[in-house]
Amino acid sequence: MHRHLVPNAAPLHKRAVPDPDSPSEIFDRALRRKRRDRAARDYESFVRDHMLEGIYERLEGVKRDFRDVLDLGSFDGVFTLPGATITRLEAGTAFAAASGAIHADEDRYPLPEASFDLVVSIGVLDSINDVPGVLALARRALRPDGLFLGAFLGAGTLATLRAAFLAAEADRPAARFHPQIDVRSAGDLLSRAGFALPVADVETLAVRYAGLPNLIRDLRGMAATNLLPGARPLTRATLIAAAQQFAERADPDGRTPERFEIVYLTGWAPDPSQPKPARRGSATASLAEALKPKS
């Protein structure tokens with residue numbers, strides 16, 4: 001455990017921790033923990049592995065050493081960084097026990113101030129109730145000029161599956177898909193949380209499936225199935241109809257394309273040494289003059 005993550009070791013940002021009785025909870029926290037525990041028994045990691053590659057690529061472009069690292073939503077704890085002390089925080093009981101992580105919801109644990117050089121969050125922001133809150137916690141947990149890197153499934157993910165269920169339940173649609181964050185909103189969330197130099201970009205991971213059961217099996221193995229409270233149970237008739245709709249969207253070889261839209265986030269804890277945009281009105285040349293045709 002990180003030396004700062006003990007009682008009374010550092011100032012805690014209790015105001016940033018959400019009210020557990022808030023009526024604005026999007027996801028069922030108890031169900032989320034159960035789904036992560038189910039996934040831990042036979043974890044399907046290919047989407048998160050792809051995210052990890054993207055995080056490592058971004059780290060390769062940063063010429064500095066990170067000594068104290070927080071892995072926020074650590075799953076099986078495979079994220080590593082040579083020479084770093086890594087503290088892991090994980091909502092699932094089984095994943096936390098297997099990886100030596102602190103067992104807590106990511107948006108409820110009061111992180112100590114200015115304790116980490118790097119915070120990573122890989123594959124969880126799309127299922128956290130208070131995304132602005134957890135980003136604010138992460139920013140405050142960073143030392144000045146510390147780096148935040150995140151990756152999660154964003155808007156447009158599972159478009160084929162969504163269309164198949166909408167067609168299968170056209171007479172009585174049910175809430176089966178989570179609200180999704182697009183890349184522009186993700187960048188705005190970084191700015192609102194107080195990060196400097198925020199960057200958000202998106203990458204598509206395309207996968208082709210022989211049938212709907214294969215996709216559902218993968219989603220269960222990722223802990224990526226429906227977490228909305230009070231969702232209507234799936235009936236056999238709905239599953240059969242959705243499977244038919246999914247198959248009708250197949251390519252000529254019988255495999256149906258599905259996509260995972262991975263949003264990557266990069267932000268820095270503010271520091272006076274960072275580059276700053278030029279002051280408005282400080283330009284010494286006129287754009288209009290520069291665009292005039294040369295005689």
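Here the structure is shown first, and the text comes after it.
Thresholds, definitions, all that
- Residues numbered from 1 in each chain as written.
- Predicted model: local features only at pLDDT ≥ 70, side-chain atom pairs only at ≥ 80, totals over all residues.
- Heavy atoms only, no water.
- 1 Å grid on protein atoms, 1.4 Å probe; cavity = no way out; pocket = protein on both sides within 12 Å on 5 of 7 lines; lining within 4 Å.
- Points joined across faces, edges and corners; volume = space filled by probe spheres on them.
- Helix = DSSP H or I, 4+ residues; strand = E, 2+ residues; numbered from the N terminus.
- Nonpolar A, V, L, I, M, F, W, Y, C, P; charged D, E, K, R; others polar.
- Patch = residues over 30% accessible without salt bridge, like charges linked within 9 Å, V, L, I, M, F, W, Y side chains within 5 Å.
- Areas by Shrake-Rupley, 256 points an atom, 1.4 Å probe, with all protein chains shown as cover.
- Salt bridge = Lys/Arg side-chain N within 4 Å of Asp/Glu carboxyl O.
- Lys, Arg positive; Asp, Glu negative; His and termini not counted.
- Charge placed at Lys NZ, Arg CZ, Asp CG, Glu CD.
- Buried < 20%, exposed > 50% of the residue type's maximum accessible area, 1.4 Å probe, protein only.
- Expected span 1.5 Å × (residues − 1).
- Arc of directions from axis to C-beta.

Draft legend 1. Expanded view of the layout of surface pockets. Taken as a whole, the largest pocket encloses approximately 1000 Å³ of empty space. In this structure, the largest pocket is lined by 49 residues; those nearest its centre are H178, A224, T225, N226 and L227. When contributions to the lining of the largest pocket are tallied by element, the ones reaching two or more residues are α1 (29-41), α2 (46-60), α4 (131-141), β5 (142-153), α5 (159-168) and α7 (212-221). Considering every element that reaches the lining of the largest pocket, the biggest residue donor is α1, with five residues. A per-class count over the lining of the largest pocket returns 29 nonpolar, nine polar and 11 charged.

Draft legend 2. Representation of a negative patch on the surface. A cluster of acidic residues, D49, E53, E57 and E60, forms a negative patch at the surface. Mapped onto the secondary structure, E60 falls in helix α2. On the basis of relative accessibility, which here comes to 60%, the residue E60 falls in the exposed class.

Draft legend 3. Expanded view of empty space enclosed by the protein. The final tally for this structure, using the stated rule, is one cavity of 30 Å³ or more. The calculated volume of the largest cavity comes to roughly 30 Å³. Along its surface, the largest cavity is lined by R29, R32, E106, D107, S127, I128 and N129. When grouped by side-chain class, the residues that make up the lining of the largest cavity number one nonpolar, two polar and four charged.

Draft legend 4. Spatial organisation of the pattern of salt bridges. Summed over all chains, the structure comprises 18 salt bridges. R88 is the partner of D71 in a salt bridge, and the nearest nitrogen-oxygen pair spans 3.1 Å. Here D71 is found in strand β1 (residues 68-72), whereas its partner R88 is found in strand β2 (residues 85-90), with 17 residues between them in sequence. We classify R88 as buried; its relative accessible area is 13%. In this structure, the salt-bridge partner of E169 is R176, at a minimum N-O distance of 2.8 Å.

Draft legend 5. Region of the structure containing helix α8 (residues 236-248). For α8, with 13 residues, the first-to-last C-alpha span of 18 Å sits near the 18 Å given by 1.5 Å per residue. For α8, the full list of buried residues reads T238, A242, Q245 and F246. One side of α8 holds all its buried residues, which, seen down the axis, span an arc of 100 degrees. Facing away from the buried surface of α8 by more than 90 degrees, the exposed residues are R236, A237 and E248.

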